[in-house]
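Observations on the model geometry
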2 protein chains.
Amino acid sequence: MRKFLPGIIATLSFFYGWSQSKTLSGFKENSAKQEFSTEEKFDSYLKADNVGQLIKDMSARPHHVGSPGGKAVADYIYNKFKSWGYDVQMETFYVLFPTPKTRVLEMTGPTKFKASLMEKVLPEDATSNQTSEQLPPYNCWSADGDVTGELVFVNYGLPEDYEYLERLGIDVKGKIVIAKYGRSWRGIKPKVAQEHGAIGCLIYSDPKDDGYYHGDVYPKGAFKNEYGVQRGSVMDMPIYPGDPLTPGYASTKDAKRLDKKDATNLLKIPVQPISYHDAEPLLRSLEGPVAPDDWRGALPFTYHIGPGKGSVHLKLEFNWDIKPIYNIVAKLAGSEHPDEWVIRGNHHDAWVNGAGDPISGQAAMLEEARAVSELVKTGWKPKRTLLYCAWDGEEPSLMGSTEWAEMHADELQQKTVAYINSDGNGRGFLGVGGSHALEPFMNEVARDVTDPETGISVLDRAREAQIIGAGRSHTSKKELLNKKTINIEALGSGSDFSAFLQHLGIPSFNLGFGGEDPGGEYHSIYDSYDDYRRFKDPSFIYGVVLAKTAGRTALRLADAEALPFDFKSLYKTLNSYATEVIALADQLRESTATENRLIKEKIYSHVTDTALKLMPPSAKDEVPYFNFSSLQNAMAALEKTTNHLADALAKAKLDGAKQDEVNKMLYKAEQKLLLENGLPRRGWYKHAIYAPGFYTGYGVKTLPGIREAIEQRNWKEAQEQIEIDATVIKSFSEYLEGIAKSIQ
Amino acid sequence: MRKFLPGIIATLSFFYGWSQSKTLSGFKENSAKQEFSTEEKFDSYLKADNVGQLIKDMSARPHHVGSPGGKAVADYIYNKFKSWGYDVQMETFYVLFPTPKTRVLEMTGPTKFKASLMEKVLPEDATSNQTSEQLPPYNCWSADGDVTGELVFVNYGLPEDYEYLERLGIDVKGKIVIAKYGRSWRGIKPKVAQEHGAIGCLIYSDPKDDGYYHGDVYPKGAFKNEYGVQRGSVMDMPIYPGDPLTPGYASTKDAKRLDKKDATNLLKIPVQPISYHDAEPLLRSLEGPVAPDDWRGALPFTYHIGPGKGSVHLKLEFNWDIKPIYNIVAKLAGSEHPDEWVIRGNHHDAWVNGAGDPISGQAAMLEEARAVSELVKTGWKPKRTLLYCAWDGEEPSLMGSTEWAEMHADELQQKTVAYINSDGNGRGFLGVGGSHALEPFMNEVARDVTDPETGISVLDRAREAQIIGAGRSHTSKKELLNKKTINIEALGSGSDFSAFLQHLGIPSFNLGFGGEDPGGEYHSIYDSYDDYRRFKDPSFIYGVVLAKTAGRTALRLADAEALPFDFKSLYKTLNSYATEVIALADQLRESTATENRLIKEKIYSHVTDTALKLMPPSAKDEVPYFNFSSLQNAMAALEKTTNHLADALAKAKLDGAKQDEVNKMLYKAEQKLLLENGLPRRGWYKHAIYAPGFYTGYGVKTLPGIREAIEQRNWKEAQEQIEIDATVIKSFSEYLEGIAKSIQ
């Protein structure tokens, strides 16, 4: 579901002591040699042609949740694993999944217009004509509704856009809003619209964002054509993902289910995605103020905010059915520690044919699993158990992974060393996010995979891409030139790692390549094999590169003698987050004071063109000084402890049993960062460090309890969250100290 | 000619000791009271209705150089001054002025297209139908030419755009380029195109820059419609302005004239401005690479750079006639110092009807002059002589003011206290640029004029507009909140102050209001009375505000006992420029080193998508360390001297004759900043501090000799210019020291 963003690599800059010589953390010298030789064999088994064939096979038909094509893909994957000798299970859950029954969007006078709500079949795209199996353009989890009202353009539909509307005296209460796709996860747009009293929401793809503004449109080029529509979920997943009727527990056949109206993550208003072909007459009909610069798209007219003279009628009805979803779980038992699991996962369900999302990642994972099975044929066995999971139901709300993780929560927390996720993949740069205690480890993995386009390592290429990054100053480029590692990104949401990392505290990664594969096919019928082979990864070689990267990650974690967790690295990252939230409070205090002074001294009124009829912003509560001392003390203690633990681990000569005891303590450590009651108003999210933003959706918030309380100007809660996070960091610190003591 | 830019106010931030109490620099207490009372009367004579009527009268017909309408406007102004009792002269010069004879632009296959090259008559615009008197869209000083070639899109046509083309391997040699209006003065575009070997140049107005992207188009709104074309000069005025055939001397009837081919400021290639209606088929025909983000406009297709399959044929022929131009010079002799002149000026010629440019400014100046004549009726007389000048021939190349200034150079340098320029005017904020020794004086003027929309002073409104300025950080806002003055901008070019300030070293101002009057009428047939009264200054009240501001400036300079030059203020500004050029060298050294390292380490090659076929930039010469000590020593001496002079002036009790002797020395001081040989390769520009940029046209370069040598990477010349500027600043400093000594 996640769209690869080239900016995925975080840009915090500090320098590790980690050396670039060919050592392998967690392996003794001889084992390291053996590991390198295993990886060399592994690489030799990976074939780009296989990746291409897998993509072609699995994207041959639409295969969304509950569809015949979906079951066919699940069976295909099951049979592949079976044929490679894995111990395979198909685990089925039963989930709510709405599909459209009625979709009407029309404008009633002065100009009459009825939206097509359809994408066009193209002769250049062989699967675009499978109309009988396609889900038409819709937003999954829209409410049923039949509403008529004036239309208001709300830019990207974010909270700050409504602040601007307020300054214009435009209220969306009782009106239908039209928002552009982009800037936030789509589900935020109807959520914020609903919060402001809108009765319906349209979301369209402006050509400025992924259409002709960027390049030639499909099928001539890769960008979104006039009729392309982005489907997608609008469930309020920042509350909780998975089946909305079974929050926090598995949606087995007989599970107790909430009544739909009691699911707190479902919208009350209808939402429909449209093409810019359908959006254009609606936008042209708007009157009222001219949209400010940042709101304007690339359509050839003046963007007004509205409303216009006409009304818009939106009628949507859905089949609210319970559908089976099929997770495939393929196991390769560990030879030494079968009760320690390294889990790889990628979803298999798509909105339509999904050649890119998720099949390109699924194909790479399958090719990786096949190569592992080839290793097995040579007599090699992983020390720890490897699990390959193909998830269903990711697109609507991460259902396959979430229900599975909820079902097996205790066992997973006991056994899982790490969860390694991937999703859609393409030509370009390594993007990697995850648990920062494994950041140095991931740098070693990336060091050892060669980029096929340049012949340098995928680490160096990612690092160099950061250096050239847009808007970077020469000073900052120079600084980065002297840094030989990359920082991995903190994970928000948008793919199947959420339940593992944010609900269960299992160390996780999300891996993928991209950035040289831009286009407008995302969640449309044009995310097809024909599109993929022309614009995404024509030789399928980046599928192989992903298999090499994720495969190494899995193999090393499965075979390492000492698990390569580096809590000093985690400390440094975490401390940078603590520094950030402290600075955030200071900046907000300063900017609020200045802003309030500008308002009080009437400066906005004096300098705003009266013709704009734009009121000054409202004054805001002054920001108090917070007591950050508990957090600062917890961080100081954590620094000492992590140094202490690192020293102890470096000095210790652990025998097998003791080493294993320590390993188990290490991989469970991140669970100590879970908040007992989770985040405020969304207790499913328990991780103190990483969460998707309540108002960003995919975008991460680090130290989310504190950060979001400050951003939302909830001063009381900010102070409470400082104490809560300080407490959990302190107990995490004590846990690590316990490990250190146990090996002295 | 100059288009008002809201950002005209410079943003350097330092704090004057100048107090906001109602004192008046240069006036003793009693005289100040009298001056305030005179100004009150002056204000009471100014009528918005008169301004409106003057605009309507003078914009009633097209009145470009050499047209019947042009002569009629000159006569109208002459008669007005006459009727108000001024001693009026009409001074005529004879200048080269090309007008179009043949204009053909067409595309030959695969798509055939012939450009209309016409604007549309609109029933909503009463003067748009005066086609027989209108100059059609053309660029004045285009060469004659008949060329056919491939077309290449060059963004805004600036040097950096060609650097990017070079990285793409696209050469414009033998081709025709199409550039967007904007970012630089228009004349830079064909100049740079010619430097790169292009054989022709088209300039079009993209709707992103002044069309529907910004608001509804004319006549519904103020922005440029599909057919609107910006006319304008493309003479290389950064070499020298005025009649190209009489560089540095007056173009009297019998003056010796250069052969046109020897005029170094004339182009060799044909240039034609077009509407986006005419540009669209040309741009759509382009193939080749997709234009990068910053190059894309608002037309509804993918911008490619080209070339395409077709050829473009451009044929232009001009009548190269000598035409008379009519300057009106109206004199009001000073009662005490008739040989000391305060000069006000505004041009009267337009490209078509020119209601905004220049008539709105001309009307305000006439109303100001009328109010002054009313003062005279009450028995008041200025102490110094006031000259009101209405210039002809500004649009083609500042010809009226330049030829006049060249004609009277010696007398002007002897007599002129200051030149106060205005041009087009509209609703909004005070914009003011000029000589920085008069910055505190101008702050006092702006303090005493009330903004009609807000009731605060135009000073406070301009100051507050700076605070809210786009992209400003809260820290910088807070800093500006505590500053009670504005910095005036350094003057580049684009209106009639150039000859006075940059050629003769006469202290100058350029004044105007704007920023709430955006639109797309500039230099088109739609710059009409109908447009002006709807979108620019509907009640004509900002004409009155300009008259109040420029009038006060003139009256105070005419009546001050001690001329209010403040060289400490000039020192501070000049020192900030010196600091800037030193920092510029350091930054360029750093960025060149980093950039060269990125190139050498192949980082551009590694991270640039191979599909883009974009070569890395070329490595550049490393930047040496310059010896800035002579400049720094000159600045240190200037600081001492200006402090010394300020103390001496504050302490001195000067009698009438001595005061006048000092006054004369003060107003001539800026002439000591003239370079004997002028700037390299453009000796007409003699001011060491202010010049239009060689590659910006209107945009100013301060310390231009040094700054441009560094920017153009001419290291040898940079060091030479440092010494030259240091010498001139030193001699300026000695001159000021001489004044200080003379009064001790």
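Residues numbered from 1 in each chain as written. Chains lettered and ligands numbered in written order. Predicted model: local features only at pLDDT ≥ 70, side-chain atom pairs only at ≥ 80, totals over all residues.

Considering the sheet that holds strand S7 (residues 200-204) of chain B
All names here are of chain B. Across the sheet, which stays open at both edges, the four strands sit in the order S5-S6-S7-S9 with parallel pairing between neighbours. This sheet does not close on itself; its edge strands, each paired only once, are strand S5 (151-153) and strand S9 (271-274). Between one strand axis and the next, the sheet turns by 25° as a mean value, whatever way the strands run. Where S5 lies against strand S6 (residues 176-180), three bridges are found, and the strand directions are parallel. Across the sheet, residue Phe 153 finds its bridge partner in S6, namely Ile 178. The sheet strands contacting helix H5 (residues 188-195) are S6, S7 and S9, and the helix crosses S7 at an angle near 150°. Along the sheet face, helix H7 (residues 276-284) touches S5, S6, S7 and S9 and points at about 125° away from the line of S6. (Pairing = 2+ DSSP bridges. Helix = DSSP H or I, 4+ residues; strand = E, 2+ residues; numbered from the N terminus. Axes fitted to C-alpha atoms, helices over the stretch in contact; angles between N-to-C directions. Contact = placed C-beta atoms within 7 Å.)

As for the interface of chain A and chain B
Across the contact, 35 residues belong to chain A and 35 residues belong to chain B. Those elements giving two or more residues to the side of chain A that touches chain B turn out to be helix H13 (458-468), helix H14 (474-481), helix H18 (567-600) and helix H19 (603-607) of chain A. Counting residues per element, the side of chain A that touches chain B draws most heavily on H13 of chain A, at five residues. Residue classes in the side of chain A that touches chain B are distributed as 16 nonpolar, eight polar and eleven charged. (Nonpolar A, V, L, I, M, F, W, Y, C, P; charged D, E, K, R; others polar.)

Describing the relation of the copies chain A and chain B
Once chain A has been moved 0.0 Å along the axis and rotated by 180°, it coincides with chain B to within an RMSD of 0.0 Å. Put plainly, the chains are arranged around a two-fold axis. Comparing interface residues between copies, 100% of those in chain A also sit at the interface in chain B, which points to an isologous, same-surface contact. (Least-squares fit on C-alpha atoms with pLDDT ≥ 70 in both.)

Some details on the nonpolar core
In this structure, Val 154, Val 177 and Ile 178 of chain A together with Val 154, Val 177 and Ile 178 of chain B are the most contacted members of the largest nonpolar core, which totals 429 residues. Apart from residues lying up to four places away in sequence, Ile 178 of chain B is in contact with Leu 151, Phe 153, Val 154, Leu 202, Tyr 204, Ala 279, Leu 282 and Leu 283 of chain B. (Core = buried A, V, L, I, M, F, W, Y, C linked by C-beta atoms within 7 Å. Buried ≥ 20, exposed ≤ 12 C-beta atoms within 10 Å, placed from the backbone.)

A short note on the domain arrangement of chain A
All names here are of chain A. Each assigned domain of chain A is listed here: domain 1 (6-94 + 323-565), domain 2 (96-321) and domain 3 (568-742). Placing a centre on the C-alpha atoms of domain 1 and another on those of domain 2 gives a separation of 31 Å. Facing 39 residues of domain 1, the contacting portion of domain 2 comprises 39 residues. At the level of secondary structure, the elements contributing two or more residues to the side of domain 1 that touches domain 2 comprise strand S1 (87-108), helix H9 (394-397), helix H10 (399-407) and helix H16 (529-535). Ranked by residue count, the leading element in the side of domain 1 that touches domain 2 is H10, at five residues. Partitioned by chemical class, the residues of the side of domain 1 that touches domain 2 number 16 nonpolar, 15 polar and eight charged. (Domains from an automatic or database assignment.)

Section: the sheet that holds strand S7 (residues 200-204) of chain A
Residues and elements named next belong to chain A. Strand order in the open sheet formed by four strands is S5-S6-S7-S9, and the pairing between neighbours is parallel. The open sheet is flanked by strand S5 (151-153) and strand S9 (271-274), the only strands paired with a single partner. Direction aside, neighbouring strands of the sheet carry axes that sit 25° apart on average. When strand S6 (residues 176-180) meets S7, the two strands line up parallel, connected through five bridges. Its bridge partner lying in S7, Val 177 is registered against Cys 201. The sheet strands contacting helix H5 (residues 188-195) are S6, S7 and S9, and the helix crosses S7 at an angle near 150°. Sheet strands touched by helix H7 (residues 276-284): S5, S6, S7 and S9. Its angle to S6, the strand with the most contacts, is close to 130°.

Focus on the pairing of S9 of chain B
All names here are of chain B. Alternating positions in S9 separate into two faces, Val 271 and Pro 273 on one and Gln 272 and Ile 274 on the other, with burial throughout. Inspection of the sheet shows S7 paired to S9 by four bridges, in the parallel sense. For Tyr 204, the partnering residue across the bridge sits in S9 and is Ile 274.

Describing the environment of Leu 557 of chain B
Residue and element names in this part refer to chain B. Here Leu 557 is to be found in helix H17 (residues 541-559). Overall, Leu 557 belongs to the buried group, with 28 C-beta atoms counted inside 10 Å. Separated by 116 residues in sequence, Leu 557 and Phe 441 place their C-alpha atoms 9.4 Å apart. With residues up to four places along the chain from it excluded, the contact list for Leu 557 reads Val 342, Val 417 and Ala 418.

Remarks on the pairing of strand S15 (residues 508-515) of chain B
Residues and elements named next belong to chain B. The buried fraction of S15 is high, at eight of eight residues. Of the two faces of S15, the one carrying Ser 508, Asn 510, Gly 512 and Gly 514 and the one carrying Phe 509, Leu 511, Phe 513 and Gly 515 are both buried. Relative to S15, strand S13 (residues 416-422) is paired through four bridges, and the arrangement is parallel. Looking at the pairing, Tyr 419 lines up with Ser 508 of S15. Of the pairings in the sheet, the one linking strand S14 (residues 428-434) to S15 comprises seven bridges and is antiparallel in character. The residue bridging Val 432 from the neighbouring strand is Leu 511, located in S15.

Digging into the confidence of the model for chain A
Residue and element names in this part refer to chain A. Scored by pLDDT, chain A has a mean of 95; 97% of the residues are at 70 or more. Here residues 4-20 scores under 50 on pLDDT; set against residues more than four positions off or in separate chains, the count is 40 contacts. Model confidence for the complex is summarised by a pTM of 0.95, with the ipTM given as 0.94. (pLDDT = per-residue confidence, 0-100.)

Thoughts on the packing of helix H8 (residues 355-377) of chain B against H17 of chain B
All names here are of chain B. Where H8 meets H17, the closest approach of the two axes is 8 Å, and the angle between their N-to-C directions is 60°. If you check the angle between H8 and H17, you find them oblique. Two packed elements cross with a definite hand, and for H8 against H17 that hand is right-handed. Listed contacts from H17 to Ser 360, Gly 361, Ala 363, Ala 364, Met 365, Glu 367, Glu 368, Ala 371 and Val 372 of H8 are Gly 543, Leu 546, Ala 547, Ala 550 and Gly 551. (Parallel < 35°, antiparallel > 145°, perpendicular 65-115°, else oblique. Left-handed = near helix turned anticlockwise from the far one by under 90°.)

Regarding H8 of chain B
All names here are of chain B. Taking 1.5 Å per residue as the helical rise, H8 with its 23 residues ought to reach 33 Å, and the 30 Å between its terminal C-alpha atoms agrees with that figure. H8 sits mainly inside the fold: 18 of its 23 residues count as buried. Looking one or two residues beyond H8, the residue adopting positive phi is Gly 379, at roughly 105°. (Expected span 1.5 Å × (residues − 1).)

Regarding helix H20 (residues 629-651) of chain A
All names here are of chain A. In this model H20 runs 33 Å from its N-terminal to its C-terminal C-alpha over 23 residues, within 8% of the 33 Å that 1.5 Å per residue would give. Residues Leu 631, Ala 634, Met 635, Leu 638, Thr 641, Thr 642 and Leu 645 constitute the buried set of H20. On its buried face, H20 is in contact with H18 and helix H23 (715-742).

A few points about the environment of Tyr 76 of chain A
Residue and element names in this part refer to chain A. By the secondary structure assignment, Tyr 76 is in helix H3 (residues 68-83). With 22 residues separating them in the primary sequence, Tyr 76 and Leu 54 have C-alpha atoms 9.8 Å apart. Filtering out sequence-adjacent residues up to four positions away, Tyr 76 remains in contact with Asp 57 and Met 58.

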